[in-house]
Amino acid sequence: MTVLAPLHVVCPHCHKTNRVAEADLSAAPNCGSCHQPLFTGQPVQLDAESFAKHVGRSHLPVVVDFWAPWCGPCRMMAPAFAQAAQQLEPNVRFAKLDTEAYPHVAAPYGIRSIPTMIIFEDGNEVARISGALPAGDIVRWVRAQVG
């Protein structure tokens, strides 16, 4: 019998790292620190510190939407990105980073146009795509990249 190590899942509320058995992901686990749900079906709003935690500590793939409030296509895609989060959580974490508020966080990734979505696994970029997409296309793209 193989015993799997628990996954590290970063709380979308307090950004503390939690250990969760993979079998318990779909059982609506709560954060051990703040007791809020670890999965809300909504993208997590990131800042510089929480970006580092979610991307660097989570064992789940993290899809980050690099966007800005003044960007029309970014605002148009926001509901589709949220719909994709509802469909793919708890196996994938969806998050948003405002490139206007946190340009120093986005700069190392060479974001040339927004919206740009990047999938991170174990802290490493594994795929990226630019341009506004409908929810179905986001879901298909993420599934194709993370299996």
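Look up a bit, the structure's there.
What you see as residue numbers is a count from 1 along each chain, following the sequence as written. Local features are withheld for residues below a pLDDT of 70 in this predicted model, meaning they are given only at 70 or higher, and side-chain atom pairs are given and counted only at 80 or more; totals for whole chains, interfaces and linings count all residues. Only hydrogens and water are removed before side-chain values are computed, so all heavy atoms of the structure are retained for them.

As a further point, take the overall build of the chain. Each helix corresponds to a stretch of at least 4 residues labelled H or I by DSSP, and each strand to a stretch of at least 2 residues labelled E; elements are numbered beginning at the N terminus. Summing up its helical and strand segments, the chain has four helices and seven strands in all. From first element to last, N terminus to C terminus, the chain shows the α and β order β-β-β-α-β-α-β-α-β-β-α. The globule rule is 2.2 Å times the number of residues to the power 0.38, and the radius of gyration it is compared with is taken over C-alpha atoms. Taken against the 2.2 N^0.38 rule, which gives 15 Å for 147 residues, the C-alpha radius of gyration of the chain at 15 Å falls within 12% of a compact globule. Referenced to the eigenvectors of the C-alpha coordinate spread, the extents of the chain come out at roughly 50 × 30 × 25 Å. Relative accessibility under 20% of the residue-type maximum defines a buried residue, over 50% an exposed one, and the middle range a partly exposed one, all with a 1.4 Å probe and only protein chains included. Expressed as a percentage of its 147 residues, the buried residues of the chain come to 46%. Pairs of residues are marked as contacts when any of their non-hydrogen atoms sit within 4.5 Å. Put simply, 63% of the contacts in the chain that link residues at least 6 apart link residues at least 24 apart. Methods summary: accessible areas were calculated by the Shrake-Rupley approach with a probe of 1.4 Å, and residue burial reflects only the protein chains presented. When the accessible area of the chain is evaluated, it comes to approximately 7400 Å², of which 51% is carbon and sulfur surface.

Okay, helix α2 (residues 72-88) next. What a helix should span is 1.5 Å times the count of its residues minus one. If you check α2, its first and last C-alpha atoms are 25 Å apart, about what 17 residues at 1.5 Å a residue would give, namely 24 Å. Consider a residue and the seven residues that end there alongside the seven that start there; fitting an axis to each set, the bend is the angle between those axes. At Ala78, α2 shows its maximal kink, close to 35°; a proline, Pro79, follows between one and four residues later. For α2, the full list of buried residues reads Cys74, Met77, Ala80, Phe81, Ala82, Ala84, Ala85 and Leu88. Its buried side turned inward, α2 meets β4 (62-67), β5 (93-98), β6 (116-121) and α4 (135-146).

This part takes up the state of the cysteines. The disulfide definition used here is simple: a pair of cysteine sulfur atoms within 2.5 Å. As enumerated under the stated definition, the model contains zero disulfides in all. The thiol of Cys31 is unpaired, and the distance to the nearest cysteine sulfur, on Cys14, comes to 3.6 Å. A residue is classified by how much of its surface remains accessible, and Cys31, at 2% relative accessible area, is buried.

Secondary-structure assignment places Gly41 in the loop between β2 (17-20) and β3 (44-46). If sequence neighbours within four positions are ignored, Gly41 has contacts with Ala82, Ala85, Gln86 and Glu89.

All right, on to the pairing of β5 then. Among the six residues that make up β5, six are buried, leaving the element largely enclosed by the rest of the structure. Judged by which residues are buried, β5 turns out to be covered on both faces: Arg93, Ala95 and Leu97 on one side and Phe94, Lys96 and Asp98 on the other are all buried. The pairing of β3 with β5 spans three bridges and is parallel. Its bridge partner being in β5, Leu46 is matched across the sheet by Leu97. We call two strands paired when DSSP finds no fewer than two bridges between them.

Moving on, we come to the nonpolar core. Judged by nonpolar contacts, the single largest core of 19 residues is most densely connected at Leu46, Phe51, Val64, Phe66, Leu97 and Phe120. When residues of this core are traced back to their parent elements, those giving at least two are β3, α1 (48-57), β4, β5, α3 (103-106) and β6. For this core, the element with the highest residue contribution is β4, accounting for four residues. Put simply, a nonpolar core is a bunch of buried Ala, Val, Leu, Ile, Met, Phe, Trp, Tyr and Cys residues held in one set by side-chain atoms that sit within 4.5 Å of each other. Val92, Phe94, Ala127 and Ile138 belong to the second-largest nonpolar core, a separate cluster that totals 18 residues.

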